[in-house]
Amino acid sequence: SFLSIDLRFGQDFELKLKFTAISQDDIYNCSDLDKAVISLTNCIQKSIDEATSEIRIREDNSYLILPKFIRGPIKEKNKARKMFQKSRNKEYKTLFNTLNNRVKDEINSFRSQ
């Protein structure tokens, strides 16, 4: 799925980390250290989940969530389109068309899986 990171991620993460922080005085053995690592990992994962969103493409009455290997070319295609729109250069138009066809092919192959 396509993820976009919210700018508030750092602030929210710092706040969550303060509430789940384990001091060195709380760690006496390997088991305590493992618990602290798991707690930190869960805090990071929860913060990332809350700070990200999915972009979905409507497909009939459902939505298709795109994987990372398709999102990259979509970003490139959009940049090429913007460059073409600003400059009207044929090379940018060719690049845009090439990337657009590549994105279409990847989305179609992803849908057929």
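Residues numbered from 1 in each chain as written. Predicted model: local features only at pLDDT ≥ 70, side-chain atom pairs only at ≥ 80, totals over all residues. Heavy atoms only, no water.

Under the annotation held in an unreviewed UniProt entry, the protein chain carries the name RNA-directed DNA polymerase from mobile element jockey-like and is attributed to Brachionus plicatilis.

A. Quick look at the environment of Q24. As for its position among the elements, Q24 is in the loop between α1 (9-20) and α2 (30-50). Q24 sits in the exposed class, given a relative accessible area of 73%. (Helix = DSSP H or I, 4+ residues; strand = E, 2+ residues; numbered from the N terminus. Buried < 20%, exposed > 50% of the residue type's maximum accessible area, 1.4 Å probe, protein only.)

B. Spatial organisation of the nonpolar core. Formed by L66, I70, I74, V103 and I107, the largest nonpolar core amounts to five residues. Of all the secondary structure elements, the ones that give two or more residues to this core are α3 (68-87) and α4 (90-112). Leave out the neighbours within four places in its chain, and I74 touches L66 and V103. (Core = buried A, V, L, I, M, F, W, Y, C linked by side-chain atoms within 4.5 Å. Contact = heavy atoms within 4.5 Å.)

C. Molecular detail of the packing of α3 against α4. Where α3 contacts α4, the two axes come as close as 8 Å, and the packing angle between them is 155°. Relative to α4, the element α3 lies roughly antiparallel. The handedness of the crossing between α3 and α4 comes out as left-handed. In this structure, α3 contributes F69, I70, P73, I74, E76, K77, A80, R81, M83, F84 and S87 to the contact, and α4 contributes Y92, K93, L95, F96, L99, N100, R102, V103, E106, I107 and F110. (Axes fitted to C-alpha atoms, helices over the stretch in contact; angles between N-to-C directions. Parallel < 35°, antiparallel > 145°, perpendicular 65-115°, else oblique. Left-handed = near helix turned anticlockwise from the far one by under 90°.)

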